[in-house]
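# Geometric and topological summary
Each chain, written out:
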Amino acid sequence: MRILLLSMPDSFEHMPSLAIRMPNGALTSLAGNLDPHHEVAVADLVLAQSAVRETVERLIHTHVPDLVGLSVMTFQRRTAKRIISFIRSMAPDAQIAVGGYDPSLAPDVWTYPDVDFIVRGEGELTFRELVRSLERGTPLAAIPGLWYRDGTVFQRNAMRPIAPVEDGSLSLPKRSARVLSGYTVLGRQVDVVETSRGCTFDCSFCSIIEMRGRNFHRFPISRVLDDIADARTRGARAIFFVDDNITIDVPRFEALCKAIVERGLHDLDYIVQGMTAPFATHGDTLAPLMKKAGFRYVFLGIENILEDDLAFLKARAKNSRQSQGQARRNTTLEAIDVLHRHGLFVVGGLIVGNPDDTRESITANLTFARHYVDWPYIQHPTPYPGTPMTREFRERGLIINERFDEYDGTTAVTRSAHLEAEEIEFLRWEAERWMKVRHIRSVVRHDPAFVLRNGHRMFAHTFRGSTWRTAVGLEGARDAFRRYRAIRSREREYMDWPDPPVTTCETRDAAPPAMTKHFVDIDELIRQ
Ligand code: B12
Ligand code: SF4
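Residues numbered from 1 in each chain as written. Chains lettered and ligands numbered in written order. Predicted model: local features only at pLDDT ≥ 70, side-chain atom pairs only at ≥ 80, totals over all residues. Heavy atoms only, no water.

### Some remarks on the environment of Val-68
Looking at where Val-68 falls in the secondary structure, it is placed in strand 4 (residues 67–71). Discounting residues that sit within four places of it in the chain, Val-68 has contacts with Leu-4, Leu-6, Ile-60, Ile-87, Ala-94, Gln-95, Ile-96 and Ala-97. (Helix = DSSP H or I, 4+ residues; strand = E, 2+ residues; numbered from the N terminus. Contact = heavy atoms within 4.5 Å.)

### So, the site of ligand 1
Looking at ligand 1, there are 39 residues lining it, with Ser-71, Thr-74, Glu-124, Ser-207 and Tyr-377 nearest. Note that an oxygen atom of ligand 1 is positioned 3.1 Å from one of the backbone N or O atoms of Phe-12. Within the side chain of Ser-71, one N or O atom sits 2.7 Å away from a nitrogen atom of ligand 1. Secondary-structure elements contributing two or more residues to the shell around ligand 1 are helix 1 (25–32), strand 4, helix 5 (124–136), helix 6 (208–212) and strand 19 (375–379). It is strand 4 that provides the largest number of residues to the shell around ligand 1, a total of 3 residues. Here the residues of the shell around ligand 1 are counted per class, giving 19 nonpolar, 13 polar and 7 charged. (Near = heavy atom within 4 Å. Polar contact = N/O pair within 3.5 Å; in protein donor to acceptor, adjacent residues only side chain to side chain. Nonpolar A, V, L, I, M, F, W, Y, C, P; charged D, E, K, R; others polar.)

### Things to note about the packing of aromatic side chains
Per the counting criterion, the structure on display carries 18 aromatic pairs. Ring plane angle 20° and centroid distance 6.2 Å describe the contact between Phe-481 and Tyr-484, whose orientation is recorded as stacked. Remark: Tyr-484 and Phe-481 occur in helix 17 (residues 477–491); sequence separation between them is 3 residues, near one turn of the helix. Here Phe-481 falls in the buried class, since its relative accessible area comes to 3%. (Phe/Tyr/Trp six-rings, centres within 6.5 Å; stacked < 30°, edge-to-face > 60°. Buried < 20%, exposed > 50% of the residue type's maximum accessible area, 1.4 Å probe, protein only.)

### A look at the sheet that holds strand 14 (residues 269–274)
Pairing is parallel across the open sheet formed by 6 strands, whose spatial order is 10-13-14-15-18-19. The strands lining the two open edges of the sheet, one partner per strand, are strand 10 (190–193) and strand 19. Strand-to-strand twist across the sheet, computed as the mean angle between neighbouring axes with direction ignored, equals 20°. Here strand 18 (residues 345–351) pairs with strand 19 via 5 bridges, running parallel. Bridge assignment links Gly-348 to a residue of strand 19, and that residue is Pro-376. This element, helix 8 (residues 250–262), spans strand 13 (238–241), strand 14 and strand 15 (295–303) of the sheet and lies at about 165° to strand 15. (Pairing = 2+ DSSP bridges. Axes fitted to C-alpha atoms, helices over the stretch in contact; angles between N-to-C directions.)

### Focus: the sheet that holds strand 7 (residues 146–150)
Strands sit in the order 3-1-4-5-6-7-8-20 across an open sheet of 8 strands; the sheet is mixed. With partners counted over all chains shown, the strands left at the sheet margins are strand 3 (39–44) and strand 20 (506–509), one partner each. Strand-to-strand twist of the sheet, defined as the mean angle between neighbouring strand axes without regard to direction, takes the value 20°. Where strand 7 and strand 8 (residues 153–156) come together, 4 bridges link them in antiparallel fashion. Bridge assignment links Trp-147 to a residue of strand 8, and that residue is Arg-156.

### Here's the deal with helix 13 (residues 388–395)
Residues that lie three or four places apart on an α-helix share one face, since the helix turns once every 3.6 residues. Looking only at helix 13, the buried set comprises Met-389, Thr-390 and Phe-393. Seen end-on, helix 13 carries its buried residues on one side only, within an arc spanning 100°. Taken together, the buried residues of helix 13 touch helix 10 (307–312). Directly beyond the C-terminal end of helix 13, a positive phi value near 65° is found at Gly-397. (Arc of directions from axis to C-beta.)

### Some details on the pattern of salt bridges
All told, the structure shown has 51 salt bridges when counted by the stated rule. For Arg-175, the salt bridge identified is with Asp-230, shortest N-O distance 2.8 Å. Taken together, the positions of Arg-175 in the loop between strand 8 and strand 9 (184–185) and Asp-230 in helix 7 (residues 221–233) put the pair 55 residues apart, joining distant regions of the chain. Put simply, Glu-423 and Arg-359 hold a salt bridge, and the shortest N to O gap is 3.0 Å. Of the two residues, Glu-423 sits in helix 14 (residues 421–446) while Arg-359 sits in helix 12 (residues 359–372), which places them 64 residues apart along the sequence. Salt bridges sharing partners connect three or more residues here, namely Arg-175, Arg-178, Asp-191, Asp-227, Asp-230 and Arg-234. (Salt bridge = Lys/Arg side-chain N within 4 Å of Asp/Glu carboxyl O.)

### Focus on the site of ligand 2
Every residue lining ligand 2 is accounted for by Cys-199, Phe-201, Cys-203, Phe-205, Cys-206, Ile-208, Asp-244, Asn-245 and Lys-318. Partitioning the shell around ligand 2 into residue classes produces 6 nonpolar, 1 polar and 2 charged.

### Regarding the pairing of strand 5 (residues 95–99)
Of all 5 residues making up strand 5, 4 are buried, and the element is well covered by its neighbours. Strand direction decides the pairing type here: strand 4 and strand 5, joined by 5 bridges, are parallel. When the bridges of strand 5 are listed, Leu-67 appears paired with Gln-95. Taken together, strand 4, helix 3 (residues 77–90) and strand 5 constitute a β-α-β crossover, and its handedness is right-handed. Summarising the sheet, strand 5 and strand 6 (residues 117–119) pair through 2 bridges and their orientation is parallel. Looking at the pairing, Ala-97 lines up with Phe-117 of strand 6. (Right-handed = clockwise from strand over helix to strand, strands pointing away.)

### Thoughts on a positive patch on the surface
On the surface, a cluster of positive charge is contributed by Arg-370, Arg-438, Arg-441 and Arg-445. The biggest single contributor to the positive patch is helix 14, with 3 residues. Along the chain, the position of Arg-441 falls in helix 14. Relative accessible area serves as the criterion here: at 58%, Arg-441 is assigned to the exposed category. (Patch = residues over 30% accessible without salt bridge, like charges linked within 9 Å, V, L, I, M, F, W, Y side chains within 5 Å. Areas by Shrake-Rupley, 256 points an atom, 1.4 Å probe, with all protein chains shown as cover. Lys, Arg positive; Asp, Glu negative; His and termini not counted. Charge placed at Lys NZ, Arg CZ, Asp CG, Glu CD.)

### A few points about the packing of helix 7 against helix 8
Taken N-terminus to C-terminus, the directions of helix 7 and helix 8 make an angle of 45°; their axes are 10 Å apart at the nearest point. On the basis of their axis angle, the class for helix 7 and helix 8 is oblique. When the axes of helix 7 and helix 8 are compared, the crossing they make is right-handed. Across the interface between the two elements, Ile-221, Val-224, Leu-225 and Ile-228 of helix 7 pack against Arg-252, Ala-255, Leu-256, Ala-259 and Ile-260 of helix 8. Considered class by class, the residues forming the contact of helix 7 with helix 8 number 8 nonpolar, no polar and 1 charged. (Parallel < 35°, antiparallel > 145°, perpendicular 65-115°, else oblique. Left-handed = near helix turned anticlockwise from the far one by under 90°.)

### Let's talk about the packing of helix 14 against helix 15 (residues 448–462)
For any two helices packed against each other, the geometry comes down to the angle between their axes and how far apart the axes lie. At a minimum axis distance of 10 Å, the contact between helix 14 and helix 15 shows a crossing angle of 175°. Judged by the angle between their axes, helix 14 and helix 15 are roughly antiparallel. When helix 14 is examined against helix 15, the residues Arg-433, Lys-436, Val-437, Ile-440, Val-443, Val-444, Arg-445 and His-446 are found in contact with a partner set consisting of Pro-448, Val-451, Phe-459 and Thr-462. Its residues assigned to classes, the contact of helix 14 with helix 15 shows 7 nonpolar, 2 polar and 3 charged.

So, in structure tokens, the structure goes:
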């Protein structure tokens, strides 16, 4: 079969496509796990942001797909639906499958006539079985993880159990299937690699728990090294480990760092995300190994510096530790300190605008970020489908915006009990711009040619909305903020095509729901 896999063009404020264009790891992983005789093309539309419709049109003409698969996050839902509608108009016989976080967690939004298949949860095995079944004409009802359209009805199959990736049964991603180029982090070609899947924590804002339960699965280290080597052979100079939480198993992370050095793969820049507690506890051994292996940026899930906010976000446990005879204490500063001592940069992940946040509590977090993190990655709580946080915001009547294309993390779509959403967003936006400028010095040292070519555009992007009048004080920051929001709003129109009409199909359980729970829930195990 001829298969075209697309990721969506939508990006958000902290990922300006000028400086950061990451590949979608899901699509190449799907491609790598299909039977080899299929012709698969992977296109990350973030690489064609300014010409999405033309690019999709060209891809459909060139590849003439029998099946098109789209990977969609919630804030990309509207663009994805427009693209699907466009593909339908061009290639009415092509079948359409959707997967990723939004179709997995809000499947009912996708049960409409333009869509044929919804793949929920991990996709490799489900998609492989779907393609086999389409090729051989065997029943779709036997494929766990799949919802499929049967005339005007969507049939719901049971969920698929989580893949035991440690047995090496998942093949490596197929990067050769990519048909667009231009991936970058600050001018260096970047690729994504997975070393593990899952997380055993249960932060209330995170989609991962509803997606796959609380569990942690490790890919064999030899496979990870082969994956990195493959990315490097194809030109990557930087690798982003997309693990949900690599810091769950510190000894393994240390072993991975050593293995990267032994295999001679430490000439790449590595970026990783993790919790503060493991760095605070094991940083003195872990951080030097990371540095030696080539790690440069650590995205730290600090989430918030105030205990009440951490409790709301259910992010206390991962950000604190208890040493003998002492009360539990927050580990954020210790983690930042040890990473800095070993020459690593901290990307500070914070969430401001929680239900009880006041101006003072938000300002405290922003001041903290200004003092301690190298690059701010500050977001607003965003009620993604199925997260515990979404339920709480809804119950308290704090969700003020249901336009999902604005659910990008830096648009405040909820208010707090004390502040309007727009005010929350303004506070963050105003503070964060200046924090970003500070890091440019380090970027110049590492990537001078990129800054020379693009520095002025990066600066202009960071200060979008400002004019010379703002600079000389003839108008206030709020005028610039209004213009910035208007720019963002125009920018979201990635796909020049009308929204399809809102229709839904009836849904039915295709087979008895023998297995409604597909994952091991740690709390449940403890209760038993
Ligand atoms: C790596 C990552 C990123 C990276 C890279 C993104 C990229 N280009 O892929 C960066 C840092 C850039 C990023 C940014 C953002 N991210 Co992000 N990110 C992740 C993370 C940590 C891992 C995703 C990943 O690559 N997993 C590995 C792959 C193999 O798994 P996967 O994507 O789940 O795909 C599997 C299935 O979903 C399925 N599948 C996926 N697509 C398809 C398509 C088809 C056709 C089929 C059949 C199956 C299928 O099969 C795949 C293989 O099993 C997740 C999860 C987490 N715990 O936080 C969040 C996550 C996906 N991100 C999220 C968000 C919101 C964002 C941001 C909007 C804001 C933010 N929070 O930072 C930005 C926007 C990005 C942009 N385009 O501008 C949310 C999405 C929530 C939602 N409901 O939409 C998540 C779930 C985190 C969360 N908050 O809970 N992100
Ligand atoms: S620690 Fe990270 S991956 Fe795990 S639940 Fe919390 S936010 Fe999600």
